[in-house]
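Listed below are the residues making up each chain.
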Amino acid sequence: MTQKNLQALLEDSRQAGIYALPHGDRLALRDAAEAAGFACFEADLGDCDEIEGVLTRLGRQFGFPEWYGNNFDALKDCLSDISWREEPGYLLILSRADTLQLANADAFRTLNEVFAAAIDAWRSQDVPMWIVYDFQADGLATLPTLE
């Protein structure tokens with residue numbers, strides 16, 4: 001897929017969702033998102049094996065407002081109304097989330113349900129939101145990127 005095709009894919013809110021990122025394609029993905037004028041957020045979840053740590057880290061690394069409450073409801077609220085970063089689309093790249101998935105599959109599943117709800121909220125406004133993990137997890141399609 002060319003850079004231009006990748007950008008067109010990202011701009012299509014109907015295809016936006018939660019995906020696994022093919023190894024080594026992070027830079028191409030960021031470049032395409034930035035070319036589309038998207039806000040790009042990255043979070044390294046590193047050693048977080050408890051959802052509380054993940055939620056805290058997401059709030060801090062995504063630059064959520066002070067009122068963010070480090071819980072699933074607050075995460076959904078912040079992701080569904082990114083008024084402090086109004087852009088034509090959003091890309092969130094999550095690194096090393098496999099720690100949480102291995103330690104607490106239920107929390108990982110709930111986290112993705114919250115992400116899916118935010119993606120759907122933006123999709124209803126024809127605004128793409130992409131959540132991309134840097135590892136392959138069960139049930140996640142691999143994002144087609146530059147090859």
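Residues numbered from 1 in each chain as written. Predicted model: local features only at pLDDT ≥ 70, side-chain atom pairs only at ≥ 80, totals over all residues. Heavy atoms only, no water.

S.K.: Looking at this structure, I do not really get the pattern of salt bridges. What am I missing?
M.R.: When the charged atoms of two side chains lie near each other, side chains of opposite charge can form a pair. Overall, the coordinates contain nine salt bridges when judged by the stated rule. Linking Asp 12 and Arg 14 is a salt bridge whose minimum nitrogen-to-oxygen distance equals 3.0 Å. Note that Arg 26 and Glu 42 form a salt bridge whose closest N and O atoms lie 2.5 Å from each other. With Arg 26 in helix α2 (residues 26–35) and Glu 42 in strand β2 (residues 39–44), the pair connects residues that are 16 residues apart, well separated along the chain. Classification of Arg 26 by relative accessible area gives partly exposed; the value is 25%. Among the charged side chains, a salt-bridge network with shared partners connects Arg 26, Arg 30, Glu 34, Glu 42 and Asp 134. (Salt bridge = Lys/Arg side-chain N within 4 Å of Asp/Glu carboxyl O. Helix = DSSP H or I, 4+ residues; strand = E, 2+ residues; numbered from the N terminus. Buried < 20%, exposed > 50% of the residue type's maximum accessible area, 1.4 Å probe, protein only.)

S.K.: Would you mind going over the nonpolar core with me for this structure?
M.R.: The biggest cluster of nonpolar side chains holds 39 residues, and the ones touching the most others in it are Leu 58, Leu 75, Phe 115, Met 129 and Tyr 133. With eight residues, the single largest contributor to this core is helix α6 (residues 105–123). When neighbours within four sequence positions are excluded, Phe 115 is seen to be in contact with Ile 18, Leu 58, Leu 75, Leu 79, Leu 94, Ile 131 and Tyr 133. By size, the runner-up hydrophobic cluster in this structure holds 18 residues, among which are Ala 33, Ala 36, Leu 91 and Leu 143. (Core = buried A, V, L, I, M, F, W, Y, C linked by side-chain atoms within 4.5 Å. Contact = heavy atoms within 4.5 Å.)

S.K.: Just to check I follow, could you spell out the sheet that holds strand β1 (residues 18–20) for this structure?
M.R.: Whether parallel or antiparallel, the strands of a sheet pair through hydrogen bonds between backbone atoms. Spatially, the five strands line up as an open sheet ordered β2-β3-β4-β1-β5, and their pairing is parallel. With partners counted over all chains shown, the strands left at the sheet margins are β2 and β5 (141–142), one partner each. Sheet analysis places β1 next to strand β4 (residues 129–133), joined by three bridges and oriented parallel. Bridge pairing in β4 places Ile 18 opposite Ile 131. Most of the contacts of helix α3 (residues 51–61) go to β2, to which it runs at about 140°, and overall it touches β2 and β3 (90–95). (Pairing = 2+ DSSP bridges. Axes fitted to C-alpha atoms, helices over the stretch in contact; angles between N-to-C directions.)

S.K.: How should I be thinking about the pairing of β4 in this particular structure?
M.R.: On a regular strand, each side chain points to the face opposite its neighbour's, so the side chains alternate between the two faces of the sheet. Counting buried residues along β4, five of its five residues qualify, which places the element largely inside the surrounding structure. Here β4 shows two buried faces, one formed by Met 129, Ile 131 and Tyr 133 and the other by Trp 130 and Val 132. Two elements, β3 and β4, share five bridges in a ladder whose sense is parallel. Across the sheet, Ile 93 pairs through a bridge with Val 132, a residue of β4.

S.K.: What am I meant to see in the side chain of Ser 95 here?
M.R.: Within the secondary structure, Ser 95 sits in strand β3. Setting aside residues up to four positions removed in sequence, Ser 95 forms contacts with Arg 26, Ala 43, Asp 44, Leu 45, Gly 46 and Asp 134.

S.K.: Help me understand the packing of helix α1 (residues 3–11) against α2, please; the structure alone is not making it clear to me.
M.R.: For any two helices packed against each other, the geometry comes down to the angle between their axes and how far apart the axes lie. Where α1 meets α2, the closest approach of the two axes is 9 Å, and the angle between their N-to-C directions is 65°. On the basis of the axis angle, α1 is roughly perpendicular to α2. Note that α1 runs across α2; the crossing there is right-handed. Judged by residue contacts, Gln 3, Leu 6, Gln 7 and Leu 10 of α1 engage Ala 28, Leu 29, Asp 31, Ala 32, Ala 33 and Ala 35 from α2. Across the contact of α1 with α2, the residue classes break down as seven nonpolar, two polar and one charged. (Parallel < 35°, antiparallel > 145°, perpendicular 65-115°, else oblique. Left-handed = near helix turned anticlockwise from the far one by under 90°. Nonpolar A, V, L, I, M, F, W, Y, C, P; charged D, E, K, R; others polar.)

S.K.: In this structure, what is going on with the packing of α3 against α6? I would like to understand it.
M.R.: Where α3 meets α6, the axes come as close as 10 Å, and the angle between the chain directions of the two elements is 35°. Note on packing geometry: the crossing formed by α3 with α6 is right-handed. Between α3, through Ile 51, Val 54 and Leu 58, and α6, the contact on the second element is made entirely by Ala 107, Leu 111 and Phe 115. Its residues assigned to classes, the contact of α3 with α6 shows six nonpolar, no polar and no charged.

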